[in-house]
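Architecture and fold: a report
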Amino acid sequence: MTRNTLKLNPVAQPKRLPAGQTPARQATPAPRPASAPSSAPRASAARPAGARPTGNRPPRSHDGPAHPRPTGNAPRDGALPRPLRSRPADGHPRPPEHAGTPRPPRAESAKPRSAARPASGATPRQRPAPAPLPDTGERLSKKVMQLKDCSRKEAEQYIEGGWVQVNGKVIEEPQHRVDHETITLDPNASLMELTPVTILLNKPAGHTDGLEELPTTRAGAPMRPPARGTKAPPPNARLLLTPAQHWEGDASETRVIKRHFNHLEADVELENGATGLVVFTQDWRTTRKLTEDMSTMEHEFLVEVQGEIEPDALKPIGYALKDERLDLPQVKVSVNSTTPESSRLRFAIKGSHPGLIAFLCEKAGLQILAMKRIRLGRVTLADLPVGQWRYLAGWEKF
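As the structure is a computational prediction, the values presented were derived from the model and not from experiment. (Residues numbered from 1 in each chain as written. Predicted model: local features only at pLDDT ≥ 70, side-chain atom pairs only at ≥ 80, totals over all residues. Heavy atoms only, no water.)

Here we take up the overall build of the chain. Regarding its fold elements, the chain presents five helices and 13 strands. For the chain, with 398 residues in total, the buried portion stands at 26%. When the accessible surface of the chain is totalled, it reaches about 30,500 Å², and 52% of it is carbon and sulfur. (Helix = DSSP H or I, 4+ residues; strand = E, 2+ residues; numbered from the N terminus. Buried < 20%, exposed > 50% of the residue type's maximum accessible area, 1.4 Å probe, protein only. Areas by Shrake-Rupley, 256 points an atom, 1.4 Å probe, with all protein chains shown as cover.)

Structure follows, in structure tokens:
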């Protein structure tokens, strides 16, 4: 058995030359090009006339004339020479007459870009005014604590009750800052009068009944107007609950303070087109009375209709109330007064049923001109003017 041995060529030893003689530099063989033809046979393809030869072989006679491509700024055949362009360090081309001139530095604008003049038709955006700094001094509640020798909670109740004056003016905010002002406390001040109140309003026609709360906005922000093409909603009856709308003939003798307009609830519905009694209360007992006993509480309305009422004009209303298929509540109808121009009807209905009176008048062929609620349970509207309010007196009960 024979072994295949690999024979290595011995390392060639450099020849020694006489002193003072340097060896001649040998030419390094050029690397083999990648496009050099291999020794394997290759099928020859037809080359079109005028094509440039490939590889490093010299052109042949049958290859046709070679047309080298112009490089750099050399013009093509029949074309004008292109001007030389110098590209500075910033990468932007520069014309030849300014090729050797350094570019001047960019002038800095005196105003930032955000302060530039706005486009035509646009209004500049204004920054909101800074919030006012808090006043110096101490809280009014702290001063009342020292003056009355009471707790902080009691001091706040005295202030919210309208018993504290600062320089002769009633202040109802415990966080109000005072420094050297004169603070006086009413000698008749009492914490027993901080009881919840009930307000009776004579709602004008076209206002809502106030069951929905007023929209809240940020402090100082105006109310957003309705969108273009949409109808504005009717005003809320809560907008009338202000000290300016308080009736001067109020017999309850209750002092008007700001806390009376907070946390008011309304639970009795009334049509937007009607006027009359609407109730707002802070007392949870009154709220429970108006909600739990509403089906048995009687509502009295005065309805003005067009024309004179005949003796048999109200018979269709009686037939509709006796119809078991309609299942209508208990209603009492009577004629209060009648003239050739208009007549007045009295409706007494158990419970709150908006739209019922309009339905009954339509059955009788009567056209409603005005409607007013004058009584709710045992509480009457009396002489309260339209658009004004009064307090519910202690002797009045629903």
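Moving on to the sheet that holds strand E3 (residues 169-170). Overall, antiparallel pairing links the three strands, which are arranged E3-E2-E5 in an open sheet. Two strands lie at the open edges of the sheet, namely E3 and strand E5 (183-185), each paired on one side alone. Sheet topology note: the strand E2 (residues 164-166)/E5 ladder contains three bridges and is antiparallel. Looking at the pairing, valine 166 lines up with isoleucine 183 of E5. Helix-sheet contacts for helix H1 (residues 140-148) involve E2 and E5, and the interaxial angle to E5 is about 60 degrees. (Pairing = 2+ DSSP bridges. Contact = heavy atoms within 4.5 Å. Axes fitted to C-alpha atoms, helices over the stretch in contact; angles between N-to-C directions.)

Counting 33 residues, the largest nonpolar core has Ile199, Leu241, Phe280, Phe347 and Ile357 as the members making the most contacts within it. Elements supplying a minimum of two residues to this core: strand E6 (198-203), strand E7 (275-281), strand E8 (298-306), helix H4 (315-322), strand E10 (342-350), helix H5 (356-363) and strand E13 (389-391). The greatest single-element share of this core, amounting to four residues, is contributed by H5. What phenylalanine 347 contacts, discounting residues up to four positions off in sequence, is His299, Glu300, Phe301, Val303, Val331, Lys332, Val333, Ile357, Leu360 and Cys361. (Core = buried A, V, L, I, M, F, W, Y, C linked by side-chain atoms within 4.5 Å.)

Turning our attention to the pairing of E7. E7 sits mainly inside the fold: seven of its seven residues count as buried. Pairing of E6 with E7, which is carried by six bridges, proceeds in the antiparallel orientation. Bridging from a neighbouring strand, asparagine 202 pairs with leucine 277 of E7. The pairing of E7 with strand E11 (residues 368-376) spans two bridges and is classified as parallel. Considered in E11, the bridge of glycine 276 is made with arginine 373.

Below, the discussion takes up H5. All of the buried residues in H5 are Leu356, Ile357, Leu360 and Cys361. Around the axis of H5, the buried residues are gathered within 130 degrees of arc, so they sit on the same side. Within two residues after H5, glycine 365 carries a phi angle of roughly 75 degrees, on the positive side. (Arc of directions from axis to C-beta.)

It is worth spelling out empty space enclosed by the protein at this point. Scanning the model with the defined rule gives two cavities of 30 Å³ or more in all. Space inside the largest cavity adds up to approximately 80 Å³. Looking at the largest cavity, the residues that line it are Glu269, Leu270, Glu271, His299, Phe301, Ile349, Gly351, Ser352, His353, Pro354, Ile357 and Arg373. (1 Å grid on protein atoms, 1.4 Å probe; cavity = no way out; pocket = protein on both sides within 12 Å on 5 of 7 lines; lining within 4 Å. Points joined across faces, edges and corners; volume = space filled by probe spheres on them.)

Empty space among the atoms becomes apparent when a probe as large as a water molecule is rolled across them. Approximately 690 Å³ is the volume found for the largest pocket. What lines the largest pocket is a set of 27 residues, and nearest its centre among them are Pro196, Val197, Asp283, Leu392 and Gly394. Per element, the largest residue contribution to the lining of the largest pocket is four residues, and it comes from helix H3 (residues 284-292).

Within a regular strand, side chains alternate between the sheet's two faces. In the sheet, strand E9 (residues 331-338) pairs with E10 via seven bridges, with the strands oriented antiparallel. For lysine 332, the partnering residue across the bridge sits in E10 and is alanine 348. Between the end of E9 and the start of E10, which pair antiparallel, lie three residues.

What follows is about the confidence of the model for the chain. Taken residue by residue, the chain gives an average pLDDT of 76. The fraction at 70 or more is 62%. Contacts for the low-pLDDT stretch residues 1-12, under 50 throughout, to residues beyond four places or in other chains number zero contacts. The low-confidence segment residues 34-41 (pLDDT under 50) makes three contacts with residues lying over four places distant or belonging to another chain. (pLDDT = per-residue confidence, 0-100.)

Glancing now at the packing of aromatic side chains. Across all of its chains, the model carries two aromatic pairs by this definition. For the ring pair phenylalanine 261 and tryptophan 389, a centre distance of 5.6 Å and an interplane angle of 90 degrees mean the geometry is edge-to-face. Linking phenylalanine 261 in the loop between E6 and E7 with tryptophan 389 in strand E13, this pair joins segments that are 128 residues apart in sequence. Like phenylalanine 261, the residue tryptophan 389 is buried in the burial classification. Residues tryptophan 389 and tyrosine 391 carry aromatic rings whose centres are separated by 5.1 Å and whose planes lie at 90 degrees to one another, so their mutual orientation is edge-to-face. With respect to class, tryptophan 389 is no different from tyrosine 391; both count as buried. Following the ring pairs from residue to residue traces out a cluster consisting of Phe261, Trp389 and Tyr391. Between arginine 255 and the ring centre of tryptophan 163, over which it is positioned, the NZ or CZ distance is 4.0 Å. (Phe/Tyr/Trp six-rings, centres within 6.5 Å; stacked < 30°, edge-to-face > 60°. Lys NZ or Arg CZ within 6 Å of the ring centre and 35° of its normal.)

The next point concerns the environment of leucine 381. Inspection of the secondary structure assignment puts leucine 381 in the loop between strand E12 (379-380) and E13. The exposure class assigned to leucine 381 is buried, which follows from its relative accessible area of 3%. Sequence spacing of leucine 381 and glycine 276 is 105 residues, and the spatial spacing of their C-alpha atoms is 7.3 Å.

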